[in-house]
Amino acid sequence: MTGGVRAPHAVGSGSDKGFLAWAVTARGAIAIWLAYVLANAVIRYSFSHTLSNDDVSESLLVQTFQLGYSMRNPPLWEWLLWTLQQMLGPGYESHWLLRYGCIALFGIAIFRVSRLASGDVRWAAVVTLSSPMFYQIGWPFFDWGTHTLVLFVVLLFSLEVVLRYITTPSAVLAILLGFLIGLGVLSKLGYAVFAVAVLAALLLERDSRSALINRCSLLIVPVAALVFAPYAYWLIATHADLVQTAENALVVDDTPHLQRSLFGLKKLLENSAEFLLPFAIIAPIAVWQARRAGLSVSATAGSHELLLRRILVVSILMTIVGVIALGPTNFSSGYVVPVLVAAIPYSACLLARHVPDASGAQRFAALSVSILILITLLKLMFLSNSGFPQFSYRREMW
């Protein structure tokens, strides 16, 4: 099964010179992302070592190593933090290094999966560099993201491995996919929504179904179960009721079910719009500019793009059904991450097909880099004056 995408663009001569041309290469995009993360990390470390409320809670939890710490959140973040604290001590540095290390991996993961899905290095770079336009990525992750941050990283790498596996199934990729599934569930239990949506999307189409049904796939579940086993043992030993725990976290009042369902659908719509806002702005403008320049769609949708679309549709439908059935009154922005994560590489696919010229990608790379600089300066201003603002209503599930 082939990806059905064009070969990545190379940087040549002529218009392919200068900073913007370099910014939309693999080396340029990753270098700019890492510089952005490093600048923010240095600013944060230089001005304040005060722990956020979440970090204080995590520090109290990881004074000893345990197989599980909470039924609400699996222990991957705590395990990573505990490991770092054995080397760096229990102070601010362990939280700082873990958080900014995950953010660095986050950008690399976005670029890798977007490049693989679209076959276009330039638009993969733009999608990566524009990701801080997401409120969650550009602001909360840098100071108080914990479980959802590591979940986001694992989701993106999982998508990349899924796309590679359906193209060329192998035992190595099957083991890697199983490992990532295990890590995903250890990050947050919401990963299960993503996993079920991916499985359903794969089974809905003949070629991807054929790629999935082979002997190598028999390795996926055992490896995932092995990775998840320590926490599963803890859940069994503590007689945990995950269903009741999830219901208690989502439904926090006794209003009528219909009213709660409508509220949940409203929050789903609001959080989804916030999540998708950057690409909802970039994509129409980019396509409009391409049409004005007389450019046409360069290719039909490839198999990777179609699979990502199916994953999105299935995820959204599953979530709508779940919201109607459960009627959640607590539906924070973190809940849409496993639902809409496929939209990130999918946007790269759409942009690569509809705006195939280099100048379009370079213009949006310039905008993205400008926004990265602006966000960094804003954080510098806040930290040097009144401290890093924490919007408590946004932090419930991070």
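Everything below is about the structure printed above this text.
Attention here is on the structure that accompanies the text. (Residues numbered from 1 in each chain as written. Predicted model: local features only at pLDDT ≥ 70, side-chain atom pairs only at ≥ 80, totals over all residues. Heavy atoms only, no water.)

## Some details on the overall build of the chain
Selection criterion: The way it works is that DSSP assigns letters per residue, a run of H or I at least four long becomes a helix, a run of E at least two long becomes a strand, and they are numbered from the N terminus. Categorising residues by exposure relies on relative accessible area from a 1.4 Å probe, with only protein chains included: less than 20% of the type maximum marks a residue as buried, more than 50% marks it as exposed, and the intermediate range marks it as partly exposed. Accessibility throughout is a Shrake-Rupley quantity obtained with a 1.4 Å probe, and a residue counts as covered only by protein chains that appear here.
Secondary structure assignment for the chain yields 18 helices and zero strands. Counting the 398 residues in the chain, one finds 52% classified as buried. Accessible area of the chain: about 17200 Å², with a carbon and sulfur share of 69%.

## Details of the side chain of Thr25
Convention followed: In the analysis that follows, any N or O atom pair within 3.5 Å is treated as a polar contact, provided that within protein one partner can donate a hydrogen and the other can accept it, and provided that, for residues neighboring in sequence, both atoms belong to side chains.
Position of Thr25 among the secondary structure elements: in the loop between helix H1 (19-23) and helix H2 (26-47). Given a relative accessible area of 14%, Thr25 falls into the buried group. A polar contact of 2.6 Å, which involves the side chain of Thr25, links it to the backbone oxygen of Trp22. Side-chain polar atoms of Thr25 contact the backbone nitrogen of Gly28, separated by 3.0 Å.

## Some remarks on empty space enclosed by the protein
As a reminder of what qualifies: Two kinds of site are reported from a 1 Å grid over the protein atoms alone, namely cavities, where a 1.4 Å probe fits but cannot get out, and pockets, open sets with protein on both sides within 12 Å along at least five of seven lines, and residues are called lining when an atom falls within 4 Å of a point. Grid points are joined across faces, edges and corners, and a volume is the space filled by probe spheres set on the points. All amino acids are sorted into three groups, where Ala, Val, Leu, Ile, Met, Phe, Trp, Tyr, Cys and Pro are nonpolar, Asp, Glu, Lys and Arg are charged, and the leftover types, Gly among them, are polar.
Taken as a whole and judged by the stated rule, the model has two cavities of 30 Å³ or more. Considering only enclosed or pocket space, the second largest cavity measures out at about 40 Å³ in volume. Lining the second largest cavity, in full, are Arg44, Asp55, Tyr92, His95, Trp96, Arg99, Tyr100, Phe142 and Asp143. Per element, the largest residue contribution to the lining of the second largest cavity is five residues, and it comes from helix H5 (residues 92-118). Class assignment for the residues of the lining of the second largest cavity results in four nonpolar, one polar and four charged.

## Quick look at the packing of helix H3 (residues 53-61) against helix H4 (residues 76-88)
The relative placement of two packed helices comes down to the angle between their axes together with the axis-to-axis distance. Defined as follows: Angular values range over 0 to 180 degrees, each being the angle between N-to-C directions of two axes fitted as lines to C-alpha atoms, with helices fitted over their stretch in contact. Orientation is classified from the angle alone, with under 35 degrees giving roughly parallel, over 145 giving roughly antiparallel, 65 to 115 giving roughly perpendicular, and any other angle giving oblique. What makes two residues a contact is simply this: any of their non-hydrogen atoms within 4.5 Å.
Where H3 meets H4, the closest approach of the two axes is 10 Å, and the angle between their N-to-C directions is 75°. Here H3 lies roughly perpendicular to H4, going by the angle between them. Across the interface between the two elements, Glu58, Ser59 and Leu61 of H3 pack against Trp77, Glu78, Leu81 and Gln85 of H4. The class makeup of the residues in the contact of H3 with H4 is three nonpolar, two polar and two charged.

## Some details on the nonpolar core
Formally: Each nonpolar core is a collection of buried residues, namely Ala, Val, Leu, Ile, Met, Phe, Trp, Tyr and Cys, held together in the definition by side-chain atoms within 4.5 Å.
Counting 107 residues, the largest nonpolar core has Trp123 and Phe152 as the members making the most contacts within it. With residues near it in sequence (within four places) discarded, Trp123 still touches Ala286, Ala348, Leu351, Ala352, Val355, Gly360, Ala361 and Phe364.

## A short note on the packing of helix H9 (residues 171-187) against helix H12 (residues 220-237)
Basically, it comes down to this: Here a crossing is taken to be left-handed if its near helix is turned anticlockwise relative to the far helix by less than a right angle, and right-handed if that turn runs clockwise.
Remark: H9 packs on H12, axes separated minimally by 7 Å, with the N-to-C direction vectors making an angle of 30°. If you check the angle between H9 and H12, you find them roughly parallel. Seen along the crossing, H9 lies across H12 with a hand that is right-handed. Contacts between H9 and H12 involve Ala174, Ile175, Leu177, Gly178, Phe179, Ile181, Gly182, Leu183, Val185 and Leu186 from the first element and Ile220, Val223, Ala224, Val227, Phe228 and Tyr231 from the second. Classifying every residue of the contact of H9 with H12 gives 14 nonpolar, two polar and no charged.

## Topic: the packing of aromatic side chains
Note the following rule: Only centres within 6.5 Å qualify two rings of Phe, Tyr or Trp (six-membered ring in Trp) as a pair; their planes then separate them into stacked at under 30 degrees, edge-to-face at over 60, and tilted for everything else.
Taken as a whole and assessed by the stated rule, the structure comprises 15 aromatic pairs. Seen from their ring centres, Phe228 and Tyr231 are 5.7 Å apart, and the 80° between their planes marks the pair as edge-to-face. In this pair, Phe228 and Tyr231 are both assigned in helix H12, three residues apart and thus about one turn of the helix distant. In this structure, Phe228 and Tyr231 share a single accessibility class: buried.

## Section: the pattern of salt bridges
For clarity, the cut-off: The salt bridge definition used is simple: a Lys or Arg side-chain nitrogen within 4 Å of an Asp or Glu carboxyl oxygen.
Scanning all chains against the criterion turns up seven salt bridges. When the shortest N-O distance is used, the salt bridge between Glu160 and Arg112 registers 2.6 Å. Of this pair, Glu160 sits in helix H8 (residues 147-167) while Arg112 sits in helix H5, placing them 48 residues apart in sequence. Under the relative-accessibility criterion, Arg112 is labelled partly exposed at 32%. Across the pair Glu160 and Arg164 runs a salt bridge whose closest N-O atoms are separated by 3.0 Å. You can see Glu160 and its partner Arg164 sitting in helix H8, four residues apart, about one turn around the helix. Linked by salt bridges that have partners in common, Arg112, Glu160 and Arg164 make up one network.

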